Amino acid sequence: MQAWVYTLIPAVAAIVGAAVAVNLRPSPVLVSAIQHFAAGVVFAAAAGEILPDLKHAGSIWATLVGGGLGVAAMLGVRTLEQRVKGPVGLMSVTGIDILVDGLVLGIAFAAGGKAGILLTVALTIEVLFLGLTVANELGEGGASKRKIVGLTAALVLLLPLGALLGGPVGALPAAVQGGFLAFGLIALLYLVTEELLVEAHETEDRPWVTAMFFVGFLLLLLLDEMIG
C-alpha cells in the first residue's frame, strides 16, 4: 500500500481532534498529558526506526548534509513562528509541520514498511494534538465551529502531499536515502524537544503527566516487538 494512503489515518485523527475540541475544550492538564504521550511515541519512533536505518545507510557526508538541512529547515520554522503571530502564523507553522510530517512518513515507508507503520502510529497521535491546538487557538479568536473543522481538514491535506514527495526516495541510492533519513530524524527530534515538550511544560508538571512521556515511549517499543 502506498505511503500516502497511511496518511489518511493521522488526517482523520486531526479532524476528529478538532471536532472534539470545538465542543469539549480539554483542560490544560489533559493537553499537557497528550503532549507528553505524543512526545514519547514520536521519540521512540525516531530512535527505534529512523536512527537504525540511517546508520545502515553508511554515508557520513549524506548524514551531514541531510542533518544540516534538517537543522536549517527547523530553525526556519522557529523563526517564522516567532515573527508571524495570530491565526495566520498558527496556520502557517502548523501547515509546515504537517507537510514535514507527511514527508518524513513517506521517507520512512521508503526505508521499510515496518518503520512506516510505526511512524504512522506516532504521527497519528502527534497530528491529533495539532488538531486540538488549532481548534483551541481558532476558537479563542471567535471562529465558528464549522470553520475551525474545515480549516483543520484543509491543513491535513498537506500530509498526503508530503508523503507523495517523500515516496520516490526509495528509488534513490542508499547514500542519498541516508541524507533524507537524517533530515527526517532532525525534524522528529525538533518536534519532540522544541515543540511538544516545550509547550507541555507551560502547564505545571504533575507526576502522572510526566510519566505519560515514558508510557508513550514504552508502548511504541512494545508495538515494535509485537510486529517483529
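Owing to the predicted nature of the structure, the values given are computational and were not obtained by experimental measurement.

Thoughts on the overall build of the protein chain
Here's step 1: The number of helices and strands found in the protein chain is 10 helices and zero strands.
Here's step 2: Its helices and strands taken in sequence order, the protein chain reads α-α-α-α-α-α-α-α-α-α from the N to the C terminus.
Here's step 3: Relative to its length of 228 residues, the protein chain is compact, with a C-alpha radius of gyration of 17 Å against a globular reference of 17 Å.
Here's step 4: With the principal axes as the frame, the protein chain shows a C-alpha extent of 50 × 35 × 35 Å.
Here's step 5: A burial count over the protein chain gives 48% of its 228 residues as buried.
Here's step 6: Relative to all contacts within the protein chain whose residues are 6 or more apart in sequence, the contacts with residues 24 or more apart total 88%.
Here's step 7: Between the centroid of the 10 positive side chains of the protein chain and the centroid of its 16 negative side chains there is a distance of 8 Å.

Thoughts on the packing of aromatic side chains
Two descriptors summarise a pair of aromatic rings, namely the distance from one centre to the other and the angle between the planes of the rings.
Here's step 1: Evaluation of the coordinates by the stated rule reveals four aromatic pairs.
Here's step 2: Judged by centre distance (5.1 Å) and plane angle (80°), the rings of F213 and F214 are edge-to-face.
Here's step 3: You can call F214 partly exposed: its relative accessible area is 49%.
Here's step 4: Here the aromatic cluster, defined as three or more aromatic residues joined through ring pairs, consists of F43, F213, F214 and F217.

Some points on the environment of V156
Here's step 1: With respect to the helices, strands and loops of the structure, V156 is situated in helix α7 (residues 145–156).
Here's step 2: Among the residues examined, V156 registers a relative accessible area of 4% and is labelled buried.
Here's step 3: Sequence-wise, V156 and P173 are 17 residues apart; in three dimensions their C-alpha atoms are separated by 30 Å.
Here's step 4: Ignoring sequence-local partners within four residues, the contact set of V156 consists of A11, A14, I15, I98 and V127.

A word on the nonpolar core
Nonpolar side chains tend to gather and get buried jointly when the protein is soluble and globular.
Here's step 1: One finds L119 and L188 to be the most contacted residues of the largest nonpolar core, which totals 59 residues.
Here's step 2: Contributions of two or more residues to this core are made by α2 (8–23), α3 (28–57), α5 (86–111), α6 (113–140), α7, α8 (158–166), α9 (174–200) and α10 (207–227).
Here's step 3: With sequence-adjacent residues up to four places away left out, L188 is seen in contact with V42, A46, I50, V104, L119 and L123.

Some remarks on the confidence of the model for the protein chain
Here's step 1: Overall, the prediction assigns the protein chain a mean pLDDT of 85, with 97% of residues at 70 or greater.
Here's step 2: Predicted confidence in the protein chain is weakest over helix α1 (residues 3–6), with a mean pLDDT of 78, and strongest over α10, with 91.

Concerning α9
Here's step 1: With 27 residues, α9 should cover 39 Å at 1.5 Å per step; its first-to-last C-alpha distance of 37 Å lies within 8% of that length.
Here's step 2: Of all bends in α9, the biggest is about 30°, found at L191.

Here we look at the packing of α7 against α8
Here's step 1: Packing of α7 against α8 leaves a shortest axis separation of 5 Å and a crossing angle of 5°. Between α7 and α8, the interaxial angle falls into the category roughly parallel. In this structure, α7 uses A154, L155 and V156 to contact α8, whose residues at the interface are L158, L159 and P160.
Here's step 2: Residue composition of the contact of α7 with α8, by class: six nonpolar, no polar and no charged.

Concerning the packing of α3 against α10
The relative placement of two packed helices comes down to the angle between their axes together with the axis-to-axis distance.
Here's step 1: Where α3 meets α10, the closest approach of the two axes is 7 Å, and the angle between their N-to-C directions is 35°. Handedness of the crossing formed by α3 with α10: right-handed. For the pair α3 and α10, the contacting residues are V29, S32, A33, H36, F37, A39, G40, V41, F43, A44, A45 and E49 in the first and W208, V209, T210, M212, F213, V215, G216, F217, L219, L220 and D224 in the second.
Here's step 2: Of the residues belonging to the contact of α3 with α10, the class tally is 16 nonpolar, five polar and two charged.

A closer look at helix α4 (residues 60–83)
Here's step 1: Here α4 spans 34 Å end to end across 24 residues, near enough to the 34 Å set by a 1.5 Å rise per residue.
Here's step 2: Buried residues of α4: A62, G66, G67, G70, M74 and V77, and no others.

Analysis parameters
Here the residue numbering is sequential within each chain, running from 1 through the sequence in written order. Owing to the predicted nature of the model, reporting of local features is limited to residues with pLDDT of at least 70; listing and counting of side-chain atom pairs is limited to 80 or more, with chain, interface and lining totals taken over all residues. No hydrogens and no water enter the side-chain calculation; it runs on all heavy atoms of the structure. Secondary structure is summarised from DSSP: a helix means a run of H or I of at least four residues, a strand means a run of E of at least two, and numbering begins at the N terminus for each. Restricting the calculation to C-alpha atoms gives the radius of gyration, and the globule rule supplies 2.2 Å times the number of residues raised to the power 0.38. Only protein chains enter the accessibility calculation, which uses a 1.4 Å probe. A residue is then buried if its area is under 20% of the maximum for its type, exposed if over 50%, and partly exposed in between. In what follows, residue pairs with any heavy atoms lying within 4.5 Å of each other are defined as contacts. Charge assignment in this entry is limited to Lys and Arg as positive and Asp and Glu as negative, and neither His nor the chain termini are counted. Taken as the charge centre is NZ of Lys, CZ of Arg, CG of Asp or CD of Glu, depending on the residue. Pairing of aromatic side chains here covers Phe, Tyr and the six-membered ring of Trp, requires ring centres within 6.5 Å, and sorts the geometry by plane angle: under 30 degrees stacked, over 60 edge-to-face, intermediate tilted. Only buried residues count toward a nonpolar core, which is a set of Ala, Val, Leu, Ile, Met, Phe, Trp, Tyr and Cys residues joined through side-chain atoms within 4.5 Å. Residue-level confidence of the predictor, termed pLDDT, takes values from 0 up to 100. Multiplying 1.5 Å by the helix residue count minus one yields the expected span of that helix. In this analysis the local bend is the angle between axes fitted, respectively, to the seven residues ending at and the seven residues starting at the residue. As a rule, the C-alpha atoms of each element are fitted with a line to give its axis, helices using only the stretch in contact, and angles between N-to-C directions run from 0 to 180 degrees. Any angle between 65 and 115 degrees counts as roughly perpendicular, while under 35 counts as roughly parallel, over 145 as roughly antiparallel, and the rest as oblique. When residue character is reported, Ala, Val, Leu, Ile, Met, Phe, Trp, Tyr, Cys and Pro are called nonpolar, Asp, Glu, Lys and Arg charged, and the others, Gly included, polar. Whether a crossing is left-handed or right-handed is set by the direction in which the near helix is turned from the far one by less than a right angle, anticlockwise for left-handed and clockwise for right-handed.

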